[in-house]
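Examination of the molecular architecture
Chain by chain, the residues:
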Amino acid sequence: MIAVGARVAFTGAVIRRTMHDPITVGMRGTVLRIDGRVARVDCGQSFPDHPTGIRWIPVANLTNLPELP
């Protein structure tokens, strides 16, 4: 389940639909807010085409990343 504060990436289905686009594959972020079916995600520098690095992304397109030790 996606929650505020979770580290996320795009799902495999999204990566396949974008034909393994390097920016999509490399996107990592932290969920800042959830509003219904979309999440506000701070992607930092992993999304270079976006000036602030903060994007609204459908929750269904996100997957949780495992916790780092």
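Scroll up for the structure.
I will try to describe carefully the structure that is included in this document. Keep in mind it's a predicted model, so treat the numbers as computed, not measured. (Residues numbered from 1 in each chain as written. Predicted model: local features only at pLDDT ≥ 70, side-chain atom pairs only at ≥ 80, totals over all residues. Heavy atoms only, no water.)

**A closer look at the pairing of strand β3 (residues 38–42)**
Note the following rule: Buried means the residue's accessible area, taken with a 1.4 Å probe over protein chains only, is under 20% of the maximum for its type, while exposed means over 50%, and partly exposed covers the values in between. Secondary structure is summarised from DSSP: a helix means a run of H or I of at least four residues, a strand means a run of E of at least two, and numbering begins at the N terminus for each. Only strands joined by at least two bridges in the DSSP assignment are considered to pair.
Of the two faces of β3, only the one carrying A39 and V41 is buried; V38, R40 and D42 on the other face are not. The pairing of strand β2 (residues 28–35) with β3 spans five bridges and is antiparallel. Across the sheet, residue I34 finds its bridge partner in β3, namely A39. The hairpin turn running from β2 into β3, its antiparallel successor, is two residues long, and G36 in that turn takes a positive phi close to 70 degrees. Both β3 and strand β4 (residues 54–58) contribute to a ladder of five bridges, which runs antiparallel. Across the sheet, the residue bridging to R40 is W56, located in β4.

**Considerations on the sheet that holds β4**
Filter applied, for reference: Think of each axis as a best-fit line through the C-alpha atoms, taken over the contacting stretch in the case of a helix, with angles from 0 to 180 degrees between the N-to-C directions.
Taken in spatial order, the five strands of this open sheet run β4-β3-β2-β1-β5, and their pairing is antiparallel. This sheet does not close on itself; its edge strands, each paired only once, are β4 and β5 (62–64). Averaged over all adjacent pairs, the angle separating strand axes in this sheet is 50 degrees, with direction ignored. For strand β1 (residues 7–10) and β5, the ladder comprises three bridges, and the chain directions are antiparallel. Bridge pairing in β5 links A9 to T63.

**Quick word on the side chain of T11**
Here is the rule we go by: Contact between two residues is taken to exist if any of their heavy atoms lie within 4.5 Å; hydrogens are not considered.
Counting through the fold element by element, T11 comes out in the loop between β1 and α1 (12–17). What makes T11 buried here is its relative accessible area of 15%. If sequence neighbours within four positions are ignored, T11 has contacts with A60, N61, L62 and T63.

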